[in-house]
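Inside the fold
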Amino acid sequence: EAEAAAAATAEKKKQEAEAAAAAKAKAKAEAQAAAVKAAAEKKQEEEKAKKAYLDALKAQEELKEKRVRAKKEEAAVEEEWKKQAARQADDEKRARVAAAAVQEATAKATAKAKAEADAATAKAVAEKKKQEETAAAAAAVGLGPARHVLGLLDHGM
């Protein structure tokens, strides 16, 4: 009976040891599973972080390209503005040259007209003087109608 009790105790201890070993193995397996899961989650987080980093780099590159494009567009606009300003300056210069040419032509025409008027006046004065001399000569000879002409000439006719 003591042997049976001892055998039962030994069996009970054996079963307890097996249960403990099974529990220990289960705990180890669970710990390993948790570690694998944690590693997978860590890897997933690292992938997310890497993707976020790459997206940020891409966005930065796009922003840089946009800035370069904007600078190019700004330079093109400035170049066009300079060309327009140069064209406007050329147009203004041509307008000034044309205005100077018109002014010169007007001055020449005015000078010519004045010269012609002066010549006509000189001719008229010479003609009047000639008539006066003719009238004076006729008066000296004693012709009456010539005196009448002389009188008209003296009164500015």
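Just so it is clear, the structure is predicted and the values come from calculations on it, not from any experiment. (Residues numbered from 1 in each chain as written. Predicted model: local features only at pLDDT ≥ 70, side-chain atom pairs only at ≥ 80, totals over all residues. Heavy atoms only, no water.)

Observations concerning the overall build of the protein
Spelled out, the test is: Here a strand is any run of E in DSSP of at least two residues, a helix any run of H or I of at least four, and the numbering for each starts at the N terminus. When a residue's accessible area, from a 1.4 Å probe over protein chains only, is under 20% of the maximum for its type it is buried; when over 50% it is exposed; and in between it is partly exposed. Computed with a 1.4 Å probe, the accessible areas rest on the Shrake-Rupley method; for each residue, only the protein chains presented here act as cover.
Within the protein one finds 2 helices and 0 strands. Here the protein, with 157 residues, has 3% of them falling under the buried criterion. As displayed, the protein has an accessible area near 13700 Å², and 61% of this comes from carbon and sulfur atoms.

What to know about the pattern of salt bridges
Two side chains of opposite charge can pair, provided their charged atoms sit close to one another. Here is the rule: Every case where a carboxyl oxygen of Asp or Glu lies within 4 Å of a side-chain nitrogen of Lys or Arg is listed as a salt bridge.
Using the criterion set out here, one finds 6 salt bridges in the structure. In this structure, the salt-bridge partner of Lys108 is Glu104, at a minimum N-O distance of 3.5 Å. With Lys108 and Glu104 both in helix H1 (residues 2-141) and 4 residues apart, the pair spans about one turn of that helix. By relative accessible area, Lys108 is classed as exposed at 55%. What makes Glu104 partly exposed here is its relative accessible area of 46%.

Some thoughts on a nonpolar patch on the surface
The condition is simple: Each patch is built from residues that are more than 30% exposed by relative accessible area and take part in no salt bridge. Like charges join if they lie within 9 Å; nonpolar side chains (Val, Leu, Ile, Met, Phe, Trp, Tyr) join within 5 Å.
Among the surface-exposed residues, Tyr53, Leu54 and Leu57 lie close enough to one another that they form a single nonpolar patch of about 300 Å² accessible area. Residue position: Leu57 is located in helix H1. Exposure remark for Leu57: the relative accessible area of 36% places this residue in the partly exposed category.

Everything listed is a geometric property; what it means functionally is a separate question.
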